[in-house]
Structure formats: C-alpha cells, structure tokens
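A look at the structure
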Amino acid sequence: MTTVNIISLNKTYPNSAAPVLKDFSLSVHDGEMVAFLGPSGSGKSTLLKLITGIERPDSGDIHFDGVSILNVHPNKRGAVLMFQKSYLFPFLNVEDNIGFGLKVQGMSSASIRAEVKRMLNLIGLPGIEKRKSGQLSGGEGQRVALARALVTNPKLLLLDEPLSSLDTSVRINLQEAIRAIQRELGVTTIFVTHDLGEAMAMSDRMALLLNGEIVALDKPEALFHRPRSVAAAKFMGVSTFLSGNQPCPEQGRRVTVKNEVCFSSEKIFAIRPEHIRVQKGGCENSMRGVVSDCVFRGEYIEYQVDVNAATVRARMPMPAPMFPHGAQVFVKFPQEHLFEVT
Amino acid sequence: MRHLTIYALRFLLYILLAAPPLLFAAYAFSTRWFFPAPFPAEWTTAAFARVLRDSRTLSSAAQGLGIALTVSLLSLILALPAARVLGLRKFRGRQTAWLLLFLPTVVPPLAIGMGLNILFLRLGLAGTLTGVTLAHLLPTLPYTIFTLAGSFARFDENYEFQALALGANPFQIFLHITLRMLAPSLLTAALFAFLISWSQYLLTLLIGGGQVLTLPLLLFSAASGGNPSSIAALSLLFIAPPVLVIALTARALSQHGNEIREQY
Amino acid sequence: MRSHPLFAPWFSLAPALTIVMVLLGASLWYAVAESLGVIGAIGQNQPSFSAYRAAFLPASEFWLSLTFSLWVSLAATILSAAGALILAVWLSERNSGGFALHWNLAFPHLVWSVVLLLILSQSGLFSRWAAALGLISTPAEFPVLVRDRFGIGILLSYIGKEIPFLTITILSVLRSQPVGYDVVAENLGASRWQRLRYITLPQVMPALLAGSLLVFGFIFSSYEVPALLGVGYPRALPVLALRYFLDPDLRLRPTGMVISLVITAVTLVVAVASLRMGEK
C-alpha cells in the first residue's frame, strides 16, 4: 500500500494575509489512520485539497511511496475523498454510484457489478444496488460513499468530517464500521475532524493542528494523558495549569494557579480536570478556594472553584458531594497526576 | 358564495387563455363566415390546406425552426462557460460583466437591427442564414446566461471534485456530472432561446432583408392585409411550438418564467 | 478544468462577451455614423447634423409620433401596473394562478395583436356578436377599436401581455416575504384596506416600479404591435423610424437612425432607473 510524506508545505490564499499552512510536514505510514484535529480555519481542509490536487501548494512537496505527486493530474493520484455530505450523484442508483470510479477507468460492466457487490457486502448493505441515492438514510449514504471511494483501490483515503452530520447512535456505529473496514483493507487514511472523542476512537495517531501548524502528534492515549505542550493540553481538555518550581504545592509555599499561561522561566505543570479533587477539609497539596458553580451531569459532577483569582475546573465521578455557591472548599492536586508542559 | 366568485373568475381566466387557439381554429377551419353570423356555419380544411400548400409557408416554418434550433444550441455553448464563472466565482469586474451581458435586453431590437443591417451588408452577411442566426444570439444570450448562472449559483462543485478524485477526466466530469446535474436548467435555457428566436420579427426582417423568411414575417404581412382564414391558419402554425413548449415545461417555468420577460 | 486553480474567469466569459460586445458595439457605432451621414446610403466625408436638424424641425412628424408613443406607453404601463397590482393581491391571498400566468408566454405579442385584430375589427367576432344581439346592423356601426387614431387597439394588446408579466413580478415579491407581517398587522387591529396600504404596497412598490419602467421602455421601443394595430397617421416612433430607414429615398435613412437613437437613449435611461429601483 502507500506511505505518504508531506514535506514543508506552504500555502497562502491570494486574498488573505495569514498563511493557511506553515512549513507543514508529516509522514503517514502504510496502512495507518492519522486523525487531524483542529478548529475550523486551522488548515485541515486546505491540506486535503492540496493532497487531492484541487489546490496547489505555494511550496513544498507531497510524496506517495517516495514519488512526488504534485505534477500528477488529480484524477490519477488515487487519493479519494469522503465529505460530511455523501455527494452521491443524485441521478445514479447505488450500483452506478459505487461503480462510477471503475466505469471512468473503462472496466467492463460485468466486473463492475461483481466489485460493487463485494463492496456492498463489505459495508454491510448487501442487495441495495438498485436503490436511488435519495432513498438512503444519512448513515447508509455515508456507507455507500465509503464504498464508492474504496472500490477503486485508492492509495490514500481522505475523510473530511464524514460523520459530523449524523445522529449520535449512527455516528458511533459508523466510527466502528469505518475503522474495521480501514483495518481490513489496510488502506492508508487521513481523517479530519473537530471531535476529540471521534479522533481518539478511530486513529492510530492524532495530529493537533492550530493556525496551519502541527502542535502535537502522537498516539491518542499518549496525547490524552501526557500532552507535552500547553496548546496540546488545552486541545485535550486541560484547563488548569500550575506554575512554580516544583510540582507539589507543599504547605507554606506559594503556588499560583493559572488558566491562561504566560510564558516565563518558571516551570508549568498541568492536571486533567478529572484528577482534581474538591473537598471540605484541607490536606497535602491542596489550596483554599470558593465554589462558583457546581453542576450535576449525571455520571459526574462538574465544579468551578475560584482559587487565587483563577478558575479551576474539576470533574469528580458519582458519588461526589454537591456544594452551594460560595462554599469554602479545598482543591487538591494529587502529585502523581501533575505533569510538566512547555 | 365566495367560492362561486373564485370559480367564476378562474373559469374566465381559463377561457381567456384558451381563447386564442380556439379563435384561430374557428377562422382557419371555416368557410363563407360572413358578417352577421355569430359563429361559423360551414367547416372545412380547405383554407388551412391552401396555406399549407403555399410553398413559402412550409419553407418559412422549416427555416425558422432551423434558425431557432441553431440559435438555442449556440446560445447554450456560449452561455455555459460564462454562466459558470458568473454563478460560482467572485472576481473583480463581475458586476461589469453582468451589466455588459444585460445590455442587449435593454437596447431596442429596432436599433440593434438597423445598426447590424449596415454592418452585415458590409460583411456580406445580410440576407444569409448565418447573419440572421448571429443577430438572434443577441437577444437570446442574456437570458440563457441568466438562467444558467442561476443554477450554477446553486451548484455544488464538490460533486465534480468527487468525480475527479474517483479518476474521471475533465471531459468525463463535464459529460457525466456537470451536464447531468444541470440538465433541467439547460433544457429550460434552450427552450427560452428557442422561443425568443422563433418569434423574432424585427431582427429577421432587418438582417434577412426579405431573403430569409420565417413564420412571424409571413404572419405579419398576412395580418397587414390578408384574409382572416390565412391569418388564422398561419397563427396556428406559429403558436404550435410555443404552446407545446410551455405545456411541457410548466413546472420549470414557475421558477424561471419571468426571466424571459419582454423580449419575447 | 479543475487542475487550473488560477483559471481566469475572463477566459470563460470571452466567447459570450465578445459576441455581445462586437455585435452591440458595431451596431451602435454604425447607427451613430449613419445618423451623421458619414456612411451608408449617402456616404459623405464630413459628419453633419443635418439629419438631426431635419428630425427635430418643429413641423417634423417626429413630435407628433413622440407624443403618440409617450401616450401609448404611459397609458399602457399605468393601466397594466394597476391591473397587475389588483390581480396579484387577489391571487396571493389564494395562492394560485401561477400556471395560468405563465401560459401567457405561449402567445407572443404578434399573436395577441392578431387576436385583437380578429376580435375587435369592424367585421370581427365582437362586431358579429353585437349584430346577432341586434345592437348594430352594419359593420360600420361597430366602434373603431383597432387601427384607430388613439391607439386603443395597441393599448389593449400591451395591457393583455403586460398584466401577467407584472403580476408574476409582484407575486414573486409577495411570496418571498415572510407571511408574518400581515398577520401581525391584523392582530394589531389594521383593517383590510390599512394592511394593503401600509404592509403590502410598501413591500411590492420597488419591484412594481422597476418592472413598470421595463414595461415602459419595452412598449416605447417596440415595433410590431403599433405597426399592425396602428393607423398611418399618427404613427408610433419606432414605426416612423423604420419607415424612414427603409424608405426608397435614401436621404431619409439618416433621419430614421436619429429617431432610433432617440428611442435607444430613452430606453437606456429608463433601464438605468429600473436597475436603481430594483436594487432598493
């Protein structure tokens, strides 16, 4: 299959000052699924356009298996796309939609029919060949779109928020299906999303994108538990940072709690909200605070506690105590859960 | 009571709409319908047959049909690329392009025809089918472009990107995706162009110089002094294509009907 | 086509724009040149304004034709606008009539004129029915309604075509507005007439004015209807222009061009005004 190397891509659109991609480099291994996570405007979609050839980069290169594809015509690159909308051709039935890529390559209709049948079995929707694309549900439409993309045996599969317009139950179902099919076929895949849970559930590695640059790239669990930078930590849902020379706020020593990090020579430590404890009595590694909000979320309780003019967000699993607004509490930062970020 | 008024008015409206063909049929298929008789008494196809036997009638109809079909096709070919960028792209000068393409709809055909008459005489295009066809493009192009630009504005290019990523070449994309997606409005635009060309009188007169005859020219000269039966028979032939076209495209017209406005 | 991201839009516009600009530009250029007498039939070297002087002489038929054309265009436009407004308000309350209005497209202006000729002439259908009812006894007793001095036949022909056109224009505005205003106004105690005056009219006025200006420009400049349904004197301006232009006496051609340019100038001014209205 295919190894993809993205080498120092730069792209600025004509009528905007800020570049969309800045010196962007990344390698995707053969058969791997890499998720790109980032807010809108972070350059995710532009990257996909550069890979498929809808747009050209200002500089840099893209290699498939060590060969540059920048001068390969978009329809010969073998990089197929799947969007949020299925974009099934409304005037074709399911069979002709899936077979489209094979037909334009000149394959015989008998072989196309066989291939379509194989793909429909793979996506778990056998026997719907003659249905109109308008008669499919959102989830079915996306499955057919996946089949249409994969039937051509692409070198690279590009998924651009393919699940974000679907209901939660259908979405989780399809996350598993796409992951399973991708593993089975071993197709190299780049997956763009803004949903953290989806990115973690589906990818081998995750790349966090901000303003056209990769701020972190690692396995999901590594990124989740030990993000190395402040930006990466924020992506992963961390909002409490502690600064000081030591990770443990020992008794009598001043430690500042920060929401926003200002860059200083001091070391910065971060802690995930579910590791922070909110309790009545003081103890080791705890600080005094005032409860500003306490929300019952079902499986857990979410606290907002004002500590040293900053707000600490904590999350404790049920059963956990509820505190009224203005209650005096102690916020505990267990030492084993603090990690240093840069 | 209220309902009755509505039905009565609606009935009146339909009578008004059905009146022209009925009137023409009454005059075209009757004979010796003299003054005081309120309705035709004798029915015959003789008058209609006489008009059909006149060699000019059928050749005019054929010539008009040929011109109108050529004009529709040429309009589509010229309008497609222009409509695409007007509908899909934002660029400097877009407003100017719109205005320039809008101009032929407000400059009177009289002025266009008189000016082109001189130009085409010099180019040797006066009195030729080519000249008349070219001249008809002026009133048809704006409407074809506006109609198609409207549907390009609602067109999602991602369908084309999909086809491209799946390996289709530009020609295959155009043929299998773009044309198929736009088929309804292509048809509407072609029919508008056809109607405008088919009923064009002044430009055909001034460019054709009597050598290119179409049905509106024959009808006009009959109406200026012919007998009612021939006028009615020619009218029937003249309205047959428009009536067919409008009946077949009633649905599309409710979206675009007013775009052909005045020229027609 | 997708492979060129910097695809210049003007390249795509070029074929259509070239045709329109070359044909339109050349026709206007030659029209001006001939009106000055430098090309065409007379072909003198020096441009002269003699055709303009001839056209605008106080005794020239131009002034009578201008008056006649203005009368017909204004009257037909105002009557069509009023009729269309009433019809549109009536139809919008009932949400119907769309197809019937478009059916009008099947009959070009030329055909409407022929219809009126067959119905309204002195030996036409209505005259026969009047005779059958005993109202008249000879065709000459039937009032002159087509080919009459006041252009009544012309007026009727245009009104019949333009009322549906303007009605569709108004209806599309009314139907694109949120339905709420009328209901809110009624809820606040506005009478039917007050709702029409303060809610409906302000909504449709810009579109109605823009459409009416288009209609005026069209009627003022079109040839077939007044040529078929008019009399020899007074003639509408376009009829006069074409007669001069096609006159065997070649010295009259430049005068025909002058009149045609006047008509063009009027329609262009009206079109600009219409565009301004439509933008509001």
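The sections below set out a description of the structure shown in this document.

Here is what the cut-offs are and how they apply
- Residues numbered from 1 in each chain as written.
- Chains lettered and ligands numbered in written order.
- Predicted model: local features only at pLDDT ≥ 70, side-chain atom pairs only at ≥ 80, totals over all residues.
- Heavy atoms only, no water.
- Salt bridge = Lys/Arg side-chain N within 4 Å of Asp/Glu carboxyl O.
- Helix = DSSP H or I, 4+ residues; strand = E, 2+ residues; numbered from the N terminus.
- Buried < 20%, exposed > 50% of the residue type's maximum accessible area, 1.4 Å probe, protein only.
- Contact = heavy atoms within 4.5 Å.
- Buried area = accessible area lost by both parts, 1.4 Å probe.
- Polar contact = N/O pair within 3.5 Å; in protein donor to acceptor, adjacent residues only side chain to side chain.
- Phe/Tyr/Trp six-rings, centres within 6.5 Å; stacked < 30°, edge-to-face > 60°.
- Lys NZ or Arg CZ within 6 Å of the ring centre and 35° of its normal.
- Pairing = 2+ DSSP bridges.
- Axes fitted to C-alpha atoms, helices over the stretch in contact; angles between N-to-C directions.

**Here's the deal with the pattern of salt bridges**
Residues and elements named next belong to chain A. What the rule picks out here adds up to 20 salt bridges over all chains. The salt bridge partner of Glu-32 is Arg-205, with a shortest N-O separation of 2.6 Å. Linking Glu-32 in the loop between β2 (21-28) and β3 (33-37) with Arg-205 in strand β9 (residues 205-210), this pair joins segments that are 173 residues apart in sequence. Classification of Arg-205 by relative accessible area gives buried; the value is 16%. One salt bridge in this structure joins Lys-130 and Glu-95, with 2.5 Å as the shortest N-O distance.

**Quick word on the interface of chain A and chain B**
Interfaces are often sized by the accessible area lost when the parts come together. Counting from both sides, the interface comprises 24 residues of chain A and, opposite them, 18 residues of chain B. Summed over both sides, the interface of chain A with chain B buries roughly 2000 Å², with 67% coming from carbon and sulfur. Considering only the surface of chain A that becomes buried against chain B, Asn75(A), Tyr87(A) and Phe91(A) emerge as the three largest contributors, covering 30% of it. Applying the counting rule to chain A against chain B returns zero salt bridges. At the surface where chain A touches chain B, the tally comes to seven residue pairs in polar contact (both at pLDDT 80 or more). Sorting the residues of the side of chain A that touches chain B by element identifies β6 (79-82), α2 (94-104) and α4 (138-150) of chain A as the ones contributing at least two each.

**A few points about the packing of aromatic side chains**
On inspection of all chains with the given rule, the structure shows 26 aromatic pairs over all chains. Relative to Phe238(B), the ring of Trp198(B) has its centre 6.2 Å away and its plane inclined at 20°; by these criteria the two rings are stacked. With Trp198(B) in helix α8 (residues 170-198) and Phe238(B) in helix α11 (residues 228-248), this residue pair connects regions lying 40 residues apart in the sequence. Residue class for Trp198(B) comes out buried when judged on its relative accessible area of 5%. Between Phe216(C) and Phe220(C), the ring centres sit 5.8 Å apart and the planes meet at 15°, which makes this aromatic pair stacked. Note that Phe216(C) and Phe220(C) are positioned in helix α9 (residues 192-221) at a spacing of four residues, about one turn of the helix. Side by side, Phe216(C) and Phe220(C) carry an identical accessibility label, which is buried. Clustering of aromatic rings is evident, with ring pairs tying together Phe83(A), Tyr87(A), Phe89(A), Phe91(A), Phe100(A) and Tyr159(B). Lying across the ring of Phe89(A), Arg148(A) places its NZ or CZ 4.7 Å from the centre. Looking at Arg253(C), its charged tip hangs above the ring of Phe245(C), at a distance of 4.2 Å from the centre.

**Notes on the sheet that holds β2(A)**
Residue and element names in this part refer to chain A. Spatially, β2-β1-β4-β5 is the arrangement adopted by the four strands of the open sheet, whose pairing is antiparallel. At either margin of the open sheet sits one strand with a lone partner, and together these are β2 and β5 (67-68). Alignment of strand β4 (residues 59-64) against β5, held across two bridges, turns out to be antiparallel. Across the sheet, His-63 pairs through a bridge with Ser-68, a residue of β5. Contacts between helix α1 (residues 44-52) and the sheet are confined to β1 (4-11), β2 and β4, with β1 contributing the most and set at about 115° to the helix.

**Things to note about the side chain of Ser75(B)**
All names here are of chain B. Position of Ser-75 among the secondary structure elements: in helix α3 (residues 55-88). Here Ser-75 falls in the buried class, since its relative accessible area comes to 0%. A distance of 2.7 Å separates a polar atom in the side chain of Ser-75 from the backbone oxygen of Val-71. Each residue touching Ser-75, except ones within four places of it in the same chain, is listed here: Leu-137, Thr-140, Leu-141, Thr-144 and Ala-193.

**Description of the pairing of β3(A)**
Residues and elements named next belong to chain A. In terms of burial, β3 is largely enclosed, as five of its five residues are buried. Where burial is concerned, the two faces of β3 agree: the one with Met-33, Ala-35 and Leu-37 and the one with Val-34 and Phe-36 are both buried. In this structure, β3 lies alongside β9, joined through four bridges in parallel fashion. When the bridges of β9 are listed, Phe-36 appears paired with Ala-207.

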